[in-house]
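The residues making up each chain are set out below.
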Amino acid sequence: MTVMEIFEELESNVQSYARGYPRVFSKARGSELWDQDGNRYLDFLAGAGSLNYGHNNPVLKRALLEHIESDAITHSLDFHTVAKARFLEAMRDIILEPRGLDYVIQFTGPTGTNAVEAALKLARKVTDRTNVISFTNGFHGVSVGSLAATGNKHHRGAAGVPLYGTSVMPYDRYFGDVDTVDYVERLITDPSSGVDLPAAMIVETVQGEGGTNAASFAWLQRLETLCREQNILLIVDDIQAGCGRTGSFFSFEPAGIKPDIVTMSKSLSGYGLPFAITMIRPDLDEWGPGEHNGTFRGNNHAFVTATAALEHYWRTPDFANEVQAKADYLTNRLQTMVTRFLPDVLEVRGRGMMRGIRCADPKRAAAVTKKAFEYGLIIERSGPRDEVIKFLMPLTTSLAEIDEGLDILERALADEFGTVEINTSTFDVAAD
Ligand code: PLP
């Protein structure tokens, strides 16, 4: 029996990523992965945005090993622990206070979708309203409450029950140049529109699964103003776009908005350990004890690595500046790639190091990522028809590795769309 056969024998058909990358992986470091046969891959998927600091980041690993070695707490329900106290202090001192943000932190079950469930429940409880506005192409998770706010038909179809309690509105640029905040405003202020006044609006500043669609800062600001005027809570789901992915710790910082509730997960632990929080404007914290509960709200290993990540990467602006410089470099190369492969590759999308290139034909986008994998690059697609090739490499990926991965992708694009000489010498290679 090969190792592969056990997956066919025992693992449910629900497996998804594994289908696109049919290998058995055994080792990982930084932006590199190896399979059990010793083949090396560059990982531009990085745990779907959960490994912003790379696989087995040495700084985080050291902190975790020391914690484990000392018999410190691993699992603690929601007991007070030293590791949790340190995480809260780091959040306050390194992240919240310097940004003038005031939130209390709810430790939810360790998945993104559970943080979203908590946010939606609390918004409904506090406002005593049921409806929540979500946006086209939004993705907030696959448990039933979050799924009702998620656009994707494939995921919605699996719910098995009617999904309700949400009204979907067009995201920024959904109708091209039409101002969709005007549209939302009209519907929620018209007493005869058929849309109930919502408890909250839930939005991603950059839609990851929806195709790396970035809302403009102006759109986000107008949405916040509308929420304030109508006494609606603004929830930013920063599960994928947060933790530095778009260049700042929170993706909403450069827009200058202050959401009432923020959900975080994915790269929050920094080490790939399950961890999620819901950050709540203090006066909205109307939870009764244990009203939103969960056995795994006390993953102390995640507290330790999250604290190490905050202390190591976010105490000074250096890391954010480095991410911005890499993002500029990445975008520049992607832009050149689009120019080269037009009309098969149509545009670069996203913000910071959360980028995508949209292909005209979803089938051919799939062929490109398949080919890229054969050449040693793990890269995924997203968007309504999986037509956007999505770049989520660790933020710690070196410029040399970014080049290596993009060269592979360019080779795969050339295989699919026609061969043109690859010339990377035209790109500025800034110091890493
Ligand atoms: N919210 C956003 C923006 C996401 O991208 C995701 C997952 O991709 C989720 C929520 C759900 O997180 P999880 O898969 O951990 O439940």
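Residues numbered from 1 in each chain as written. Predicted model: local features only at pLDDT ≥ 70, side-chain atom pairs only at ≥ 80, totals over all residues. Heavy atoms only, no water.

So, about the site of the ligand. Contacts to the ligand come from Thr111, Gly112, Thr113, Phe139, His140, Gly141, Glu204, Asp237, Ile239, Gln240 and Lys266. Between the ligand and Gly112 there is a distance of 2.8 Å, counted from an oxygen atom to a backbone nitrogen or oxygen. Gln240 has a polar side-chain atom sitting 2.8 Å from an oxygen atom of the ligand. Considering the ligand on its own, with 390 Å² of exposed area, one finds that the protein chains cover 82% of that surface. Tallied by class, residues from the shell around the ligand come to two nonpolar, six polar and three charged. (Near = heavy atom within 4 Å. Polar contact = N/O pair within 3.5 Å; in protein donor to acceptor, adjacent residues only side chain to side chain. Areas by Shrake-Rupley, 256 points an atom, 1.4 Å probe, with all protein chains shown as cover. Nonpolar A, V, L, I, M, F, W, Y, C, P; charged D, E, K, R; others polar.)

One open sheet accounts for four strands, arranged S13-S14-S17-S16; its pairing is antiparallel. Of all the strands in the sheet, just strand S13 (345-351) and strand S16 (380-382) have a single pairing partner and so form its edges. The sheet shows a mean angle of 30° between the axes of neighbouring strands, direction not considered. Contacts from helix H14 (residues 399-417) reach S13, strand S14 (354-359) and strand S17 (388-391), with the element oriented near 170° to S17. (Pairing = 2+ DSSP bridges. Helix = DSSP H or I, 4+ residues; strand = E, 2+ residues; numbered from the N terminus. Axes fitted to C-alpha atoms, helices over the stretch in contact; angles between N-to-C directions. Contact = heavy atoms within 4.5 Å.)

Okay, the domain arrangement of the protein next. According to the domain assignment, the protein consists of domain 1 (3-57 + 317-417) and domain 2 (72-313). Centre-to-centre separation of domain 1 and domain 2, based on C-alpha positions: 25 Å. For the pairing of domain 1 and domain 2, the buried interface totals around 2500 Å² over both sides, and the portion due to carbon and sulfur atoms is 49%. Its largest share of buried area at the contact with domain 2, domain 1 owes to Tyr53, Arg351 and Met354, together 33% of the area lost on that side. The salt bridge partner of Lys390 is Glu209, with a shortest N-O separation of 2.9 Å. Counting across the domain 1 and domain 2 interface gives 22 residue pairs in polar contact (both at pLDDT 80 or more). Of all the secondary structure elements, the ones that give two or more residues to the side of domain 1 that touches domain 2 are helix H3 (46-49), helix H12 (318-341), S13, S14 and S17. Per-element tally for the side of domain 1 that touches domain 2: the top contributor is H12, with four residues. The class makeup of the residues in the side of domain 1 that touches domain 2 is 15 nonpolar, 13 polar and four charged. (Domains from an automatic or database assignment. Buried area = accessible area lost by both parts, 1.4 Å probe. Salt bridge = Lys/Arg side-chain N within 4 Å of Asp/Glu carboxyl O.)

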